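Chain residues, written in single-letter form:
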Amino acid sequence: MAEQTFIMIKPDGVQRGLVGEIISRFEKKGFYLKGLKLITVDRPFAERHYADLSAKPFFNGLVEYIISGPVVAMVWEGKGVVATGRKLIGATNPLASEPGTIRGDFAIDIGRNVIHGSDSVESATKEIALWFPEGPANWQSSLHSWIYE
Ligand code: RTP
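Not measured: the values here are computed from a predicted model.

## Side note on the sheet that holds strand E3 (residues 71-77)
Read across the sheet, four strands follow the order E2-E3-E1-E4 without closing on themselves; strand pairing throughout is antiparallel. Each having just a single partner strand, strand E2 (32-39) and strand E4 (115-117) make up the two edges of the open sheet. Neighbour-to-neighbour, the strand axes of this sheet turn through a mean angle of 15 degrees, independent of strand direction. For E2 and E3, the ladder comprises seven bridges, and the chain directions are antiparallel. If you follow tyrosine 32 over to E3, its bridge partner there is glutamate 77. Running over the sheet, helix H2 (residues 19-29) touches strand E1 (4-9), E2, E3 and E4 and is turned about 5 degrees from E3.

## Some thoughts on the packing of H2 against helix H5 (residues 81-89)
For the pair H2 and H5, interaxial distance at closest approach is 11 Å and the crossing angle is 135 degrees. It follows that H2 is oblique to H5 by the angle criterion. When you trace H2 past H5, the crossing you get is right-handed. Across the interface between the two elements, Arg25, Phe26 and Lys29 from H2 touch Thr84, Gly85, Leu88 and Ile89 from H5. Here the residues of the contact of H2 with H5 are counted per class, giving three nonpolar, two polar and two charged.

## A closer look at the site of the ligand
In the vicinity of the ligand, the residues found are Lys10, Tyr50, Leu53, Phe58, Leu62, Arg86, Thr92, Arg103, Ile110, Asn113, His116 and Gly117. At a separation of 3.1 Å, an oxygen atom of the ligand approaches a polar backbone atom of glycine 117. In isolation the ligand has 560 Å² of accessible area, and contact with the protein removes 76% of it. When grouped by side-chain class, the residues that make up the shell around the ligand number five nonpolar, four polar and three charged.

## Details of helix H7 (residues 121-131)
Listed as buried for H7 are Ser123, Ala124, Glu127, Ile128, Leu130 and Trp131. Viewed end-on, H7 has its buried residues packed into an arc of 160 degrees, placing them on one side of the element. What points out from H7, more than 90 degrees from its buried face, is the exposed set Glu122, Thr125 and Lys126. The inward-facing, buried residues of H7 abut E1, E2, helix H3 (43-49), E3, H5 and E4.

## A closer look at a nonpolar patch on the surface
Among the surface-exposed residues, Leu143, Trp146 and Ile147 lie close enough to one another that they form a single nonpolar patch of about 380 Å² accessible area. With respect to the helices and strands, isoleucine 147 occurs in helix H8 (residues 144-147). By relative accessible area, which is 38% here, isoleucine 147 ends up partly exposed.

## Looking at the UniProt feature "active site" (unreviewed entry) in the protein
Following the UniProt record, the feature "active site" (unreviewed entry) maps to His116 here. The topology assignment puts histidine 116 in strand E4. Judged by relative accessible area, which is 10%, histidine 116 ranks as buried. Here histidine 116 is in contact with Phe6, Ile7, Met8, Lys10, His49, Tyr50, Ile89, Arg103 and Glu127, once residues within four sequence places are set aside.

The rules behind each value
- Each residue is numbered by its place in its chain's sequence as written, counting from 1.
- The predicted origin of the model limits local features to residues at a pLDDT of at least 70 and limits the giving and counting of side-chain atom pairs to 80 or more, whereas totals for whole chains, interfaces and linings rest on all residues.
- With hydrogens and water excluded, all non-hydrogen atoms of the structure serve as input to the side-chain values.
- Only strands that DSSP links by at least two bridges are regarded as paired with each other.
- Numbered from the N terminus, helices here are DSSP runs of H or I no shorter than four residues, and strands are runs of E no shorter than two.
- Lines fitted to the C-alpha atoms define the axes, with helices restricted to the stretch that makes contact. Angles between their N-to-C directions range from 0 to 180 degrees.
- Whether two residues are in contact is decided by their heavy atoms: any pair within 4.5 Å suffices.
- Under this scheme an angle from 65 to 115 degrees is roughly perpendicular, one under 35 degrees roughly parallel, and one over 145 degrees roughly antiparallel; angles in between are oblique.
- In a left-handed crossing the near helix is turned counterclockwise from the far helix by less than a right angle, and in a right-handed crossing that turn is clockwise.
- Classification convention: Asp, Glu, Lys, Arg as charged; Ala, Val, Leu, Ile, Met, Phe, Trp, Tyr, Cys, Pro as nonpolar; all other residues, Gly among them, as polar.
- Any residue with a heavy atom lying within 4 Å of a molecule or strand is counted as near it.
- N or O atoms closer than or at 3.5 Å make up a polar contact, with two conditions inside protein: a donor-capable atom paired with an acceptor-capable one, and, for residues adjacent in sequence, both atoms drawn from side chains.
- Method for areas: the Shrake-Rupley scheme with a 1.4 Å probe, in which residue coverage is limited to the protein chains shown.
- Exposure is judged per residue with a 1.4 Å probe applied to protein chains only, and the accessible area is read against the type maximum: over 50% gives exposed, under 20% gives buried, and values in between give partly exposed.
- As used here, the arc belongs to the directions running from the helix axis to the C-beta atoms.
- Patch building starts from residues that exceed 30% relative accessible area and form no salt bridge, then joins like charges within 9 Å and nonpolar side chains (Val, Leu, Ile, Met, Phe, Trp, Tyr) within 5 Å.
- Salt bridge, as used here: a side-chain nitrogen of Lys or Arg that lies within 4 Å of a carboxyl oxygen of Asp or Glu.
- UniProt positions are given in the numbering used here, feature names are shortened, and annotations may be inferred rather than shown by experiment.

Below you can see the structure in the form of structure tokens.
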């Protein structure tokens, strides 16, 4: 199966009307959308998603932020999508993100950085299983041979 990543538009991205813009960037790059839902998660779920960060001083604030409103949870597929998805997103601290990246173009504070993307293929597998227990959608793009040689 082709590589997949988990991408989440955080509550600030949804509230600020950035959903279409963000989806458009992944679509235009050539990645395929394989899962999509608008969902408000509860505290235990957010704590599970960010379990690796539970010892960090910003953990409670991060969980409060993620449960503060609906998020858009997505699965995107394509060659190198985990690393390239992180490039489209930009550096964690938006003041250090390059212009042209999502955070570089749309965010200022690290605690309001609009979007999450899996940081490795291993994390992507775990996060997709957590957010999409029903599994991603299975469809093939008719444009495939125009995107891949
Ligand atoms: P993400 O998981 O959201 O894609 O972000 P990331 O890998 O670029 O960054 P990570 O270190 O995993 O941190 C997860 C999220 O926690 C918030 N954060 N706040 N106040 C702080 O110092 C701080 N550091 C991180 C950010 O929202 C970050 O995206």
